[in-house]
Amino acid sequence: MGMLVLTVGLVLFIIFHQRKVSRYQRKLQKMEEEQGKILLTASIKLQEEERQRLAADLHDDAGPLLATARLYLNENLVNQDKATQLQSIFQARQIIDDTIQLVRNISHSLMPPTLKNFGLESAVNDLFQKISGSGTMNASSRFHDYKDRLKAEKELVVFRIVQELVNNILKHSSSSFIHLTQNVHGDKFYMRIHHDGRGIVQSDFDKLNKSNIGLGLKNISSRLRVVQGNIYFEKDISQTYYKVTIELPKDEPYQ
């Protein structure tokens, strides 16, 4: 009788345990599906924001230029004397050249040529060299371990985040220096930005993310969700500078 009770108890335990495991697996699967939806939504939102910005740039800048060029090349041009015709054509050509340059700049902002052709390291170094070359701030960057590149789409996300962070530092921090370092530890890719001006810590970042201000920081959070990354804002233990750390999974070697 004792063996029978023990056997029945064991069978019931296994059945309930399997049901518990099954419920846990379904819950885990549901969480993964929800996380996937969040990442997809964030990605779509970012793409839509980029499209809206592109549309605004073309409408506000390229549209008026082309409309002005059209004025110079109207149907009455054939009735003008030769000198007036040449002057109108010259003016229209200058405006068209300006439009071409504008479109080129918009194209470069979507995918910087240095990033596309040479990768994240070259693009970031080029950005910091330009900042340093302006003479307004001491800027430097150093990649310690970037033999295996991130995927192209992830490089673009990281570069956009770095641009947003650097832009905030230039606009709001009154720093005398900004320094970026990159390294890999285990299966994680890290990028850190140090500066000695006004800054924020993690609690400030979390608070701004929940408020109606700090759109740039919200964009950073959205981009990081797409690449399953994290960001940490802190003040150094010496209390002399701020540090921002970007962390994301390391890719397989870039092909």
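Cut-offs and rules
Residues numbered from 1 in each chain as written. Predicted model: local features only at pLDDT ≥ 70, side-chain atom pairs only at ≥ 80, totals over all residues. Heavy atoms only, no water. Helix = DSSP H or I, 4+ residues; strand = E, 2+ residues; numbered from the N terminus. Contact = heavy atoms within 4.5 Å. Areas by Shrake-Rupley, 256 points an atom, 1.4 Å probe, with all protein chains shown as cover. Expected span 1.5 Å × (residues − 1). Buried < 20%, exposed > 50% of the residue type's maximum accessible area, 1.4 Å probe, protein only. Pairing = 2+ DSSP bridges. Axes fitted to C-alpha atoms, helices over the stretch in contact; angles between N-to-C directions. Core = buried A, V, L, I, M, F, W, Y, C linked by side-chain atoms within 4.5 Å. Right-handed = clockwise from strand over helix to strand, strands pointing away. Phe/Tyr/Trp six-rings, centres within 6.5 Å; stacked < 30°, edge-to-face > 60°.

A.B. asks: For this particular structure, what's the right way to read the overall build of the protein?
C.D. replies: When helices and strands are counted, the protein shows seven helices and five strands. Taking contacts inside the protein between residues at least 6 apart in sequence as the whole, the part at least 24 apart equals 65%. In the form shown here, the protein has an accessible surface area of approximately 16,900 Å², with 56% of it arising from carbon and sulfur atoms.

A.B. asks: I tried to follow helix α5 (residues 152-172) on my own but got confused; where do I start?
C.D. replies: Note on helix geometry: an α-helix contains 3.6 residues per turn, so any two residues three or four positions apart are oriented the same way. With 21 residues, α5 should reach 30 Å at 1.5 Å per residue; the first-to-last C-alpha distance of 30 Å fits that figure. Turning to α5, its buried residues number three or more, namely Lys154, Glu155, Val157, Val158, Phe159, Arg160, Ile161, Val162, Leu165, Val166 and Ile169. Two residues or fewer after α5 comes Ser174, characterised by a positive phi angle close to 55°.

A.B. asks: Would you mind showing me how to read the sheet that holds strand β4 (residues 230-235) here?
C.D. replies: The strands making up a sheet associate through hydrogen bonds between their backbones, and the pairing can be parallel or antiparallel. Judged by pairing direction, the sheet is mixed, and its five strands sit side by side in the order β1-β2-β3-β5-β4 without closing on themselves. Both outer strands of the open sheet, β1 (138-143) and β4, are each paired with one neighbouring strand and no more. Direction aside, neighbouring strands of the sheet carry axes that sit 15° apart on average. The pairing of β4 with strand β5 (residues 242-249) spans six bridges and is classified as antiparallel. From the neighbouring strand, Lys235 faces β5, where its bridge partner is Tyr242.

A.B. asks: Can you walk me through the nonpolar core in this structure?
C.D. replies: Side chains of a nonpolar character, in soluble globular proteins, are inclined to be buried together. Ranked by size, the top nonpolar core spans 36 residues in total, and within it Leu120, Phe128, Val162, Leu165, Met191, Ile231 and Ile246 carry the most contacts. For this core, the element with the highest residue contribution is α5, accounting for eight residues. In contact with Met191, not counting residues within four places along its chain, are Leu120, Phe143, Val158, Val162, Leu180, Thr181, Gln182, Val244, Thr245 and Ile246.

A.B. asks: Could you clarify how one ought to interpret the pairing of β1 in this entry?
C.D. replies: As a general feature of sheets, a regular strand has side chains that alternate between the two faces. Where β1 lies against strand β2 (residues 177-185), six bridges are found, and the strand directions are parallel. Within the sheet, the bridge partner assigned to Ala139 lies in β2 and is Ile178. Where the polypeptide runs from β1 across α5 and back to β2, its parallel neighbour, the crossover connection is left-handed.

A.B. asks: When you look at the packing of aromatic side chains in this model, what are you seeing that I'm missing?
C.D. replies: Two aromatic rings are characterised by how far apart their centres lie and by the angle between their planes. Counted by the stated rule, this structure contains three aromatic pairs. Chaining the aromatic ring pairs together yields one cluster made of Phe143, Tyr146 and Phe189.

Read these as spatial facts, not as claims about activity.
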